[in-house]
Amino acid sequence: MFVRICAAVTFASLLLGGAAQAQVQFQPPQTSFRSLFKVPDPRGEFVRLCAPHMVGRWAHPERVCGCLHDYAAATVEDPDLREALLRGISETGVPTIETAWVPASKRSEIGPTFTKIAKPTLQCMFEPATNQ
């Protein structure tokens, strides 16, 4: 009986050892998740949604939208506030944050967020030569 148990344990360890070895040797293809599913570039998608709101207001709406995106992404550290701000700009063409888009615990940060992005927003809109 003892010999059978030892043989079963040895057989099982060989199977598991071979499976572990096979797992180590397997390397998935070097493709990114984005390329597999053709997920759009977040910045490009933002500009696509924002630009129609800027047409007629600015000579280069795509440039203004791209600039607004870049400043918002770089300046607003909190992901919830940044996402709400980008949503507001892409839906209206102006920096906007609806309180419903932000968790209740972060709503007091909406005002300071606007203060943080005020100067960069004006630069994007009125100094296009620096935003090329």
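See the structure above.
Now for a description of the structure that goes with this document. (Residues numbered from 1 in each chain as written. Predicted model: local features only at pLDDT ≥ 70, side-chain atom pairs only at ≥ 80, totals over all residues. Heavy atoms only, no water.)

1. Here's the deal with the nonpolar core
Then comes step 1: Ranked by internal contacts, the top residues of the largest apolar core, which has 22 residues, are Phe 46, Met 54, Cys 65, Leu 68 and Leu 85.
Then comes step 2: Those elements giving two or more residues to this core turn out to be α3 (42–54), α4 (61–75), α5 (79–92) and α6 (110–126).
Then comes step 3: Those residues in contact with Cys 65 that sit more than four places away from it in its chain are Phe 46, Val 47, Cys 50, Ala 51 and Met 54. (Core = buried A, V, L, I, M, F, W, Y, C linked by side-chain atoms within 4.5 Å. Buried < 20%, exposed > 50% of the residue type's maximum accessible area, 1.4 Å probe, protein only. Helix = DSSP H or I, 4+ residues; strand = E, 2+ residues; numbered from the N terminus. Contact = heavy atoms within 4.5 Å.)

2. Some points on the packing of aromatic side chains
Geometrically, a pair of aromatic rings is defined through the distance of the ring centres and the angle of the planes.
Then comes step 1: Taken as a whole and assessed by the stated rule, the structure comprises 1 aromatic pair.
Then comes step 2: Considering the side-chain rings of Trp 58 and Phe 126, the 5.2 Å spacing of their centres and the 80 degrees angle between planes classify their relative orientation as edge-to-face. Here the residue Trp 58 occupies a position in the loop between α3 and α4, and Phe 126 occupies one in helix α6, the gap between them amounting to 68 residues.
Then comes step 3: Residue Phe 126 is classed as exposed on the basis of its relative accessible area, which comes to 57%. (Phe/Tyr/Trp six-rings, centres within 6.5 Å; stacked < 30°, edge-to-face > 60°.)

3. Here we look at the side chain of Thr 121
Then comes step 1: Here Thr 121 lies in helix α6.
Then comes step 2: The class of Thr 121 is buried, set by a relative accessible area of 11%.
Then comes step 3: Thr 121 has contacts with Leu 68 and Pro 95, leaving out every residue within four places of it along the chain.

4. Topic: α4
Then comes step 1: For α4, with 15 residues, the first-to-last C-alpha span of 21 Å sits near the 21 Å given by 1.5 Å per residue.
Then comes step 2: All buried positions along α4 are accounted for by Pro 61, Val 64, Cys 65, Gly 66, Cys 67, Leu 68, His 69, Ala 72 and Thr 75.
Then comes step 3: Buried residues along α4 sit against α3, α5 and α6. (Expected span 1.5 Å × (residues − 1).)

5. Considerations on empty space enclosed by the protein
Then comes step 1: Overall, the coordinates contain 1 cavity of 30 Å³ or more when judged by the stated rule.
Then comes step 2: Considered as a void within the structure, the largest cavity measures approximately 50 Å³ in volume.
Then comes step 3: Around the largest cavity, the lining residues are Leu 68, Tyr 71, Ala 72, Leu 85, Ile 89, Ile 117, Pro 120, Thr 121 and Cys 124.
Then comes step 4: Mapped onto the lining of the largest cavity, the elements with two or more residues apiece are α4, α5 and α6.
Then comes step 5: Of all the elements, α6 adds the most residues to the lining of the largest cavity, at 4 residues.
Then comes step 6: Residues belonging to the lining of the largest cavity are distributed by class as follows: 8 nonpolar, 1 polar and no charged. (1 Å grid on protein atoms, 1.4 Å probe; cavity = no way out; pocket = protein on both sides within 12 Å on 5 of 7 lines; lining within 4 Å. Points joined across faces, edges and corners; volume = space filled by probe spheres on them. Nonpolar A, V, L, I, M, F, W, Y, C, P; charged D, E, K, R; others polar.)

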